[in-house]
Amino acid sequence: MKEAVRVGRHTEPQPDLQELLARTARGDQEAFAAVYDRVAGAVLGLVRSVVRDHAQSEEVAQEVLLDIWRTAPRYRPEKAPAMAWVMTLAHRRAVDRVRSAQASAAREHKAALLDRTPEFDEVSEQVETRLEREQVRRCLRALTEVQRQSVTLAYYRGLTYREVAELLALPLGTVKTRLRDGLIRLRDCLGVSA
């Protein structure tokens, strides 16, 4: 391969990307401009291959270049070559954008499915509630007087076992037993599986 011969002014060798990143880390805007010129095309190419949408690819590439400016102080040359570090930033950002787009599409799809759910049938719900209430009343009537009183006070009025015992003037153990027996009979009457 032949080397290009330049006629005219003598140009100094360009600093390598690693050196430019080190200068960028210190806030050197000219160094960052040189980094931008060197990596922008490769970053955009990689991002396009992952994102596959031209407009979004340009956005992501711009975000990557901003990340380079912001995170240049974190670059460690002993861990990876400069270009590999840049391309890793680009790849991660592109994958994040794809995942974000997929999650957004999934949320929209889920919302669309929810919009298609049938309307709530208020009349059916009221009928079911009335039937359930009537069945509970019928089953409560089947309990003994102490069981019915204990269940009603504990579950409909929210009293503690001790309060129920005091109100009915019964020993606490008796109230607990009547409540347990009453709830078992209610469960069987309502057809609820244990």
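In what follows, the accompanying structure is described. (Residues numbered from 1 in each chain as written. Predicted model: local features only at pLDDT ≥ 70, side-chain atom pairs only at ≥ 80, totals over all residues. Heavy atoms only, no water.)

**Digging into helix 2 (residues 29–51)**
No. 1: For helix 2, with 23 residues, the first-to-last C-alpha span of 29 Å runs short of the 33 Å given by 1.5 Å per residue.
No. 2: At valine 39, helix 2 shows its largest bend, some 45 degrees.
No. 3: Residues Ala31, Phe32, Val35, Val39, Ala40, Val43, Val47 and Val51 constitute the buried set of helix 2.
No. 4: Of the residues that open helix 2, the one with a side-chain oxygen 3.0 Å from the backbone nitrogen of glutamate 30 is aspartate 28.
No. 5: Count one or two residues on from helix 2 and you reach arginine 52, which has phi positive near 70 degrees. (Helix = DSSP H or I, 4+ residues; strand = E, 2+ residues; numbered from the N terminus. Expected span 1.5 Å × (residues − 1). Bend = angle between axes of the 7 residues up to and from the residue. Buried < 20%, exposed > 50% of the residue type's maximum accessible area, 1.4 Å probe, protein only. Polar contact = N/O pair within 3.5 Å; in protein donor to acceptor, adjacent residues only side chain to side chain.)

**Re the state of the cysteines**
No. 1: The full count for this structure, using the stated rule, is 1 disulfide.
No. 2: Here cysteine 139 is linked by a disulfide to cysteine 189, with a sulfur-sulfur distance of 2.0 Å. Handedness here is read from the sign of the S-S torsion; for cysteine 139 and cysteine 189, about -80 degrees, the answer is left-handed. Placement of the pair is cysteine 139 in helix 5 (residues 122–141) and cysteine 189 in helix 8 (residues 172–190), with a sequence separation of 50 residues.
No. 3: Among the residues examined, cysteine 189 registers a relative accessible area of 28% and is labelled partly exposed. (Disulfide = S-S within 2.5 Å.)

**Observations concerning the packing of helix 5 against helix 6 (residues 145–156)**
No. 1: One can describe the packing of helix 5 onto helix 6 by two numbers: an axis separation of 10 Å at closest approach and a directional angle of 140 degrees. It follows from the interaxial angle that helix 5 and helix 6 lie oblique. Side by side, helix 5 and helix 6 meet where Val136, Leu140 and Arg141 of the first sit next to Arg148, Val151 and Tyr156 of the second.
No. 2: Here the contact of helix 5 with helix 6 is built from residues that sort into 4 nonpolar, no polar and 2 charged. (Axes fitted to C-alpha atoms, helices over the stretch in contact; angles between N-to-C directions. Parallel < 35°, antiparallel > 145°, perpendicular 65-115°, else oblique. Contact = heavy atoms within 4.5 Å. Nonpolar A, V, L, I, M, F, W, Y, C, P; charged D, E, K, R; others polar.)

**A word on the pattern of salt bridges**
No. 1: One pass over the structure, following the stated rule, counts 11 salt bridges.
No. 2: The closest approach of N and O atoms between arginine 148 and glutamate 145, which form a salt bridge, is 2.6 Å. In this pair, arginine 148 and glutamate 145 both sit in helix 6, 3 residues apart, roughly one turn of the helix.
No. 3: For arginine 148, a relative accessible area of 24% translates into the label partly exposed.
No. 4: With its nearest N and O atoms 3.4 Å apart, the salt bridge here joins arginine 187 to aspartate 188.
No. 5: Residue class for arginine 187 comes out partly exposed when judged on its relative accessible area of 30%.
No. 6: Ionic contacts of the salt-bridge type, sharing partners, join the residues Glu59, Glu63, Asp67, Arg70, Arg93 and Arg97 into one network. (Salt bridge = Lys/Arg side-chain N within 4 Å of Asp/Glu carboxyl O.)

**Describing helix 6**
No. 1: Across its 12 residues, helix 6 extends 15 Å between first and last C-alpha, which sits within 8% of the 16 Å expected from 1.5 Å per residue.
No. 2: Every buried residue of helix 6 is accounted for by Gln147, Ser150, Val151, Leu153 and Ala154.
No. 3: For helix 6, the elements touching its buried residues are helix 5, helix 7 (161–168) and helix 8.
No. 4: Residue glycine 158 follows helix 6 closely and has a positive phi angle near 80 degrees.

**Some thoughts on the side chain of threonine 24**
No. 1: Mapped onto the fold, threonine 24 is located in helix 1 (residues 17–25).
No. 2: Here leucine 20 takes part through its backbone oxygen, which lies 2.8 Å from a polar atom of the side chain of threonine 24.
No. 3: Apart from the residues lying within four places of it in its own chain, the contact partners of threonine 24 are Ala31, Phe32, Val35, Trp69 and Ala72.

**Some remarks on unusual backbone geometry**
No. 1: The backbone of arginine 52 sits at a positive phi, close to 70 degrees, despite the residue not being glycine.
No. 2: One non-glycine residue, alanine 169, lies in positive phi territory at about 55 degrees.
No. 3: Residue position: alanine 169 is located in the loop between helix 7 and helix 8.

Keep in mind these values describe shape, not function.
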